[in-house]
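Structure assessment
Here is how the chains run, residue by residue.
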Amino acid sequence: AEYMGDVATPITHTQQAGLSLPGQVIIIIVSFLLSSTEILQNLIMQGFRNILAGWRINYSTTHKNSTLSRSINDHSIKRSFQKNSDHPVIVTRQDRIFIVSLNRPHKRNAVDPNTADELRKAFSEFDDDQQFKVAILNGIGDDFCAGYDLSELAEVKNIKDGEEMENHISSIALGSFGPMGPTRQTLSKPVLAAIEGHAVAGGLELALWCDMRIASDNSVFGVYCRRFGVPLIDGGTVRLPALIGFSRAMDLILTGRPVTAKEAVDIGLINRLVPQGTSLECAIELANIISNFPQDCMNADRLSAYYSAYSNSNLQSKLDYEAKEGVKVLKKSIDGAQEFTKGKGRHGSFEV
């Protein structure tokens, strides 16, 4: 104990005096050379090892904290950019992952014609660029997507009449692309949906268009447009029966009722159920796993599965039928859309 005290005292004094680590090491080495007893030599060597260990720990901790700080700052910058941008669709390119974010949180990410056009452009870019292997669709704010912006549909009655109104409605419903954007496209690479909050009406159809759905435990799904007589014309009547079966699909289509995240995973509507606020993080993790596989083989199997699931590649004819039948009732949907803009049916209420 006496020897340990003798050795420890000068080291402590040098630290208090502000000597650098090399200075401390030199003092130890000199003391070692001047020492004649084996006990002192062992004690000095132990002190030398302790200093080096402390140096490694301090460096490692500082390095990790610095890295963590940069990661947090980068994440904050990204969130700040997304929040402050007034662009309806934000694209984030992250290595091999292509993230498309709906950015209309004040509208619960409801899609208007401009947003639909931006979605189409974004996913066309993803499909054409071989650098990116997997895309992710998410919504900024509390919700994934509340569907088509009914305020846009409600205004049609005020600004269009007669044949001109019918032509306008037909252009929305019968175009090469769906009113929600990319829902009549079949891409050559997979798209994942990262879902928080509501994915209802056209928002549900967007989620169904994706290959997989990663949803938080606060997610809600449903054909909410049922309340206002707005038809499913973005693939809902085609994809929903294929994904969850005809009987369950009829339940959702006829009642329009809300479906909780727990029920959604039980019936196969979603693929992964994750804690609230983590859907995008989990989707990115899954996308990285998928992007590591040999892509040509994986995408060939993917397209074969589409071919099989939609009756030997009749998907397009089914989508065309849905759109043509939907446009017949879409004119009557304008009244329902106007009721919505007056406040009826807000927050998922079925008292309309």
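Residues numbered from 1 in each chain as written. Predicted model: local features only at pLDDT ≥ 70, side-chain atom pairs only at ≥ 80, totals over all residues. Heavy atoms only, no water.

1. Details of the sheet that holds strand β3 (residues 134-139)
Reading across from one edge, β1-β2-β3-β4-β6-β9 is the order of the six strands in this open sheet, with mixed pairing throughout. Whereas interior strands pair on both sides, the edge strands pair on one side only; in this sheet they are β1 (89-94) and β9 (272-274). For this sheet, the mean angle separating the axes of adjacent strands, direction not counted, is 20°. (Pairing = 2+ DSSP bridges. Helix = DSSP H or I, 4+ residues; strand = E, 2+ residues; numbered from the N terminus. Axes fitted to C-alpha atoms, helices over the stretch in contact; angles between N-to-C directions.)

2. Section: the packing of helix α8 (residues 236-244) against helix α9 (residues 246-255)
For the pair α8 and α9, interaxial distance at closest approach is 7 Å and the crossing angle is 135°. Here α8 is positioned oblique relative to α9, judged by the angle of their axes. In the crossing of α8 with α9, the sense of the turn from one axis to the other is right-handed. Taken together, the residues of α9 that come into contact with α8 (itself represented by T237, L240, P241 and I244) are F246, R248, A249, L252 and I253. Tallied by class, the residues present in the contact of α8 with α9 amount to seven nonpolar, one polar and one charged. (Parallel < 35°, antiparallel > 145°, perpendicular 65-115°, else oblique. Left-handed = near helix turned anticlockwise from the far one by under 90°. Contact = heavy atoms within 4.5 Å. Nonpolar A, V, L, I, M, F, W, Y, C, P; charged D, E, K, R; others polar.)

3. Focus on unusual backbone geometry
A positive phi angle, near 55°, is found at R108, a position not held by glycine. Within the element layout of this structure, R108 appears in the loop between β2 (97-102) and α4 (113-128). Of note, the phi angle at N109 is positive, near 60°, even though the residue is not glycine. The residue N109 is located in the loop between β2 and α4 in this model.

4. Here's the deal with the confidence of the model for the protein
A low pLDDT means the predicted coordinates there should not be read in detail. For the protein, the mean per-residue pLDDT works out to 77, and 62% of the residues sit at or above 70. Counting interchain partners and residues more than four positions distant, the pLDDT-below-50 stretch residues 1-17 has 12 contacts. Confidence over residues 51-83 falls short of pLDDT 50; this stretch has 12 contacts with residues more than four positions distant or in other chains. (pLDDT = per-residue confidence, 0-100.)

5. What to know about the sheet that holds strand β8 (residues 259-260)
If you trace the three strands from one edge of the open sheet to the other, you get β5-β7-β8, paired in mixed fashion. The open sheet is flanked by β5 (198-200) and β8, the only strands paired with a single partner. Note that strand β7 (residues 220-222) and β8 share two bridges and pair antiparallel. Looking at the pairing, F221 lines up with V259 of β8.

6. Let's talk about the packing of aromatic side chains
Evaluated as defined, the whole model comprises four aromatic pairs. Ring geometry for F123 against W209: centres 4.9 Å apart, planes inclined by 75°, an arrangement best described as edge-to-face. Here the residue F123 occupies a position in helix α4, and W209 occupies one in helix α7 (residues 202-209), the gap between them amounting to 86 residues. A ring pair is formed by Y306 and Y310, whose centres lie 6.1 Å apart and whose planes are at 25°; its orientation type is stacked. When sorted by exposure, Y306 lands in the same class as Y310, which is buried. In this structure, K189 is placed above the aromatic ring of F126, and the distance from its NZ or CZ to the ring centre is 4.4 Å. (Phe/Tyr/Trp six-rings, centres within 6.5 Å; stacked < 30°, edge-to-face > 60°. Buried < 20%, exposed > 50% of the residue type's maximum accessible area, 1.4 Å probe, protein only. Lys NZ or Arg CZ within 6 Å of the ring centre and 35° of its normal.)

7. Re the pairing of β3
Side-chain positions along a regular strand alternate between the two faces of the sheet. Within β3, six of the six residues are buried, which leaves it mostly tucked inside the rest of the structure. The alternating pattern of β3 places V134, I136 and N138 and A135, L137 and G139 on opposite faces, both of which are buried. When β2 meets β3, the two strands line up parallel, connected through six bridges. When the sheet's bridge partners are listed, S101 is paired in β3 with N138.

8. What about the pattern of salt bridges?
If the charged atoms of two oppositely charged side chains come close together, the side chains can form a pair. In this structure the tally under the stated criterion is 11 salt bridges. Close ionic contact of D149 with R104 constitutes a salt bridge, the shortest N to O distance being 3.3 Å. Remark: R104 occurs in the loop between β2 and α4 and D149 occurs in the loop between β3 and α5 (150-159); sequence separation between them is 45 residues. With relative accessibility at 5%, the residue D149 sits in the buried group. Put simply, R120 and D117 hold a salt bridge, and the shortest N to O gap is 3.3 Å. A residue pair is termed a helical-turn pair when its members lie 3 or 4 positions apart in one helix, as R120 and D117 do in helix α4 at three residues. On the basis of relative accessibility, which here comes to 26%, the residue D117 falls in the partly exposed class. One connected set of salt bridges, linked through shared partners, spans R104, K107, D112 and D149. (Salt bridge = Lys/Arg side-chain N within 4 Å of Asp/Glu carboxyl O.)

9. Some words on the packing of α7 against α8
How two helices pack is summed up by the angle between their axes together with the distance between the axes. α8 packs onto α7 with a crossing angle of 55° between their chain directions and a minimal axis gap of 10 Å. As the angle between them shows, α7 and α8 are arranged oblique. Both α7 and α8 take part in a crossing whose hand is left-handed. Where α7 abuts α8, its residues E205, L208 and W209 lie against G236, R239, L240 and L243. Grouping the constituent residues of the contact of α7 with α8 by class yields four nonpolar, one polar and two charged.

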